[in-house]
Protein chains: 2
Amino acid sequence: MEVINNFREIVVEKPADKIIKQIKQLISSGQLQPGDKLPPERQLCEKLGVGRSYVRDAIRKLEFYGIVKTLPQSGTVVAGLGITALEGLITDVLMLEGHDFQSLIETRLILEKQTVRLAAMRRTADDLIDLEKALDAYRAKVENGKQGIDEDLMFHIRIAEASKNSVLKSLMLIVTPDILTHFTEQNVCGGGKPYGALEEHMTILKHIQDQDPDKAELAMSAHLKGISSFKNA
Amino acid sequence: MEVINNFREIVVEKPADKIIKQIKQLISSGQLQPGDKLPPERQLCEKLGVGRSYVRDAIRKLEFYGIVKTLPQSGTVVAGLGITALEGLITDVLMLEGHDFQSLIETRLILEKQTVRLAAMRRTADDLIDLEKALDAYRAKVENGKQGIDEDLMFHIRIAEASKNSVLKSLMLIVTPDILTHFTEQNVCGGGKPYGALEEHMTILKHIQDQDPDKAELAMSAHLKGISSFKNA
DNA sequence: AACCAGTAATTGGTTAACCAATATTAAGCA
DNA sequence: TGCTTAATATTGGTTAACCAATTACTGGTT
């Protein structure tokens with residue numbers, strides 16, 4: 001074990017984050033209830049001893065999460081169903097950070113399997129055209145010896161679009177790139193066997209064409225097996 | 001049909017959103033590639049004819065999505081795997097808005113079913129204690145004639161925690177409250193039959209105790225049936 | 001006493017100026 | 001010629017001041 005590994009990553013706690021914690025504290029302690037107006041920005045920044053920009057940043061972020069709603073020239077009110085606020089912020093400030101890799105992969109497997117099922121059931125003729133285009137783009141990259149990560153991912157996204165479930169698509173867009181950031185060396189699908197992955201893509205597409213959800217799901221499972229077996233590495 | 005229904009909700013396109021669109025355009029058109037530094041804030045705000053705050057807001061939002069990374073006193077660089085940027089922003093600015101209700105419900109069904117499976121397999125003794133506490137809290141509300149929406153939701157969240165999959169839990173936290181906002185009158189689980197929902201909760205808990213994933217999933221399906229049959233209303 | 005109009009204070013929205021850290025350039029030295 | 005170093009320009013960070021819309025208040029009227 002090298003000494004270097006004993007260093008922890010430095011966490012730069014930005015001012016906005018500290019303010020968010022304080023506001024969260026106010027909400028979770030019940031001093032601020034849904035519907036309440038929270039103190040005006042000027043008062044807050046004076047009380048906290050920081051510039052108003054920071055307070056505004058904090059409020060923006062909270063608004064982003066749907067915890068507060070700010071009405072121009074009027075005030076900012078607590079909107080949330082308490083739980084979202086608390087739980088969403090318990091994982092600290094960013095919701096999607098700090099997830100363990102295994103959960104990420106497991107979740108992707110779930111999402112992809114269900115998505116491809118729906119896609120097989122609901123795909124239209126236009127969807128098939130888009131899928132073929134995406135597959136061709138990926139094939140072109142592979143035949144040029146490239147990894148084609150973007151094209152690979154795009155194929156999966158097209159499947160999500162064919163599923164006609166906009167939420168599932170959004171969730172996949174949240175989860176999948178997160179995997180890539182941890183896993184950049186690898187391509188989206190499997191371990192360094194581009195041609196194998198290409199064939200698997202073709203198999204999946206075929207089952208979608210045939211509108212066979214069960215086979216499509218199985219093919220997707222097999223396709224993602226490479227990545228999920230990697231989880232213990 | 002009342003005339004009032006012909007009005008569309010007014011969409012206030014905030015300045016930051018317009019700027020985001022322009023930057024998105026730059027990225028998707030390839031003028032800005034991953035790794036490139038984008039123009040300094042002053043230059044941008046001058047070019048766009050707005051204050052620097054707006055430009056900063058836009059950059060913050062993009063950073064939020066993981067599309068750019070801003071280095072203090074140095075510059076802002078495009079970080080993304082292009083696709084996230086494009087697709088994530090195609091649903092306009094906010095990722096979670098504009099979803100159709102049916103997709104939302106369908107997705108929740110998927111997430112809850114898979115989550116309860118994992119929970120049944122992985123739950124610890126401590127998890128069971130938490131689940132019982134949550135159930136008791138819900139029971140107390142119901143017996144007082146209340147809806148107990150928060151307690152209801154909390155039971156489901158505890159299940160997600162027992163699944164030991166942090167990503168699934170986060171996704172459920174994203175999806176479920178969104179349903180509630182469209183569906184406030186109803187409680188989380190079913191249609192106005194609090195005692196029935198309570199019994200169903202007990203059944204689910206029992207199967208989790210028994211570590212029987214299949215029965216747990218079935219019970220959850222039955223439990224959520226009320227809501228999913230509502231989808232055509 | 002209740003209500004309305006007009007004014008003053010307060011609100012978030014927006015802009016401009018200032019600051020410290022960084023990157024760049026140019027000059028000086030070996 | 002190549003490297004070091006100092007001066008300068010540029011960057012995002014931060015604060016303070018200004019603006020227009022809203023709200024609260026006061027005084028007068030009915």
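Residues numbered from 1 in each chain as written. Chains lettered and ligands numbered in written order. Predicted model: local features only at pLDDT ≥ 70, side-chain atom pairs only at ≥ 80, totals over all residues. Heavy atoms only, no water.

## Thoughts on the protein's contact with DNA strand C
Here is step 1: A:Arg42, A:Arg52, A:Arg56, B:Ser53 and B:Tyr54 are the nearest of the 18 residues found near DNA strand C.
Here is step 2: Counting only the atoms of DNA strand C within 4 Å of the protein, the fraction contributed by sugar and phosphate is 58%.
Here is step 3: Within the backbone of A:Glu41, one N or O atom sits 3.0 Å away from a phosphate oxygen of DNA strand C.
Here is step 4: Separating a base oxygen of DNA strand C from a side-chain N or O atom of A:Arg42 is a distance of 2.6 Å.
Here is step 5: Listing elements by their share of the surface near DNA strand C, those giving two or more residues are helix H2 (41-48), helix H3 (52-64) and strand E2 (68-71) of chain A together with helix H3 (52-64) of chain B. (Near = heavy atom within 4 Å. Polar contact = N/O pair within 3.5 Å; in protein donor to acceptor, adjacent residues only side chain to side chain. Helix = DSSP H or I, 4+ residues; strand = E, 2+ residues; numbered from the N terminus.)

## Notes on the protein's contact with DNA strand D
Here is step 1: Near DNA strand D there are 18 residues, and of these A:Ser53, A:Tyr54, B:Arg42, B:Arg52 and B:Arg56 occur at the shortest range.
Here is step 2: Among the atoms of DNA strand D lying within 4 Å of the protein, the sugar-phosphate backbone contributes 58%.
Here is step 3: One nitrogen or oxygen atom from the main chain of B:Glu41 is found 2.9 Å from a phosphate oxygen belonging to DNA strand D.
Here is step 4: Only H3 of chain A together with helix H2 (41-48), H3 and strand E2 (68-71) of chain B provide two or more residues apiece to the surface near DNA strand D.
Here is step 5: Class assignment of the residues belonging to the surface near DNA strand D gives a composition of 4 nonpolar, 8 polar and 6 charged. (Nonpolar A, V, L, I, M, F, W, Y, C, P; charged D, E, K, R; others polar.)

## So, the packing of H2(A) against H3(A)
All names here are of chain A.
Here is step 1: At a closest axis distance of 8 Å, the pairing of H2 and H3 adopts a crossing angle of 115°. With respect to their mutual orientation, H2 and H3 come out roughly perpendicular. When the axes of H2 and H3 are compared, the crossing they make is right-handed. Taken together, the residues of H3 that come into contact with H2 (itself represented by Glu41, Arg42, Leu44 and Cys45) are Arg52, Val55, Arg56 and Ile59.
Here is step 2: Along the lines of polarity and charge, the residues of the contact of H2 with H3 split into 4 nonpolar, no polar and 4 charged. (Axes fitted to C-alpha atoms, helices over the stretch in contact; angles between N-to-C directions. Parallel < 35°, antiparallel > 145°, perpendicular 65-115°, else oblique. Left-handed = near helix turned anticlockwise from the far one by under 90°. Contact = heavy atoms within 4.5 Å.)

## A word on the sheet that holds strand E1 (residues 37-38) of chain A
All names here are of chain A.
Here is step 1: Taken in spatial order, the 3 strands make up an open sheet running E1-E3-E2, and their pairing is antiparallel. With one partner strand each, in any of the chains shown, E1 and E2 form the two edges of the open sheet.
Here is step 2: Judged from the 2 bridges that link them, E1 and strand E3 (residues 75-78) form a sheet pairing that is antiparallel. Pairing of Leu38 across the sheet is with Thr76, part of E3. (Pairing = 2+ DSSP bridges.)

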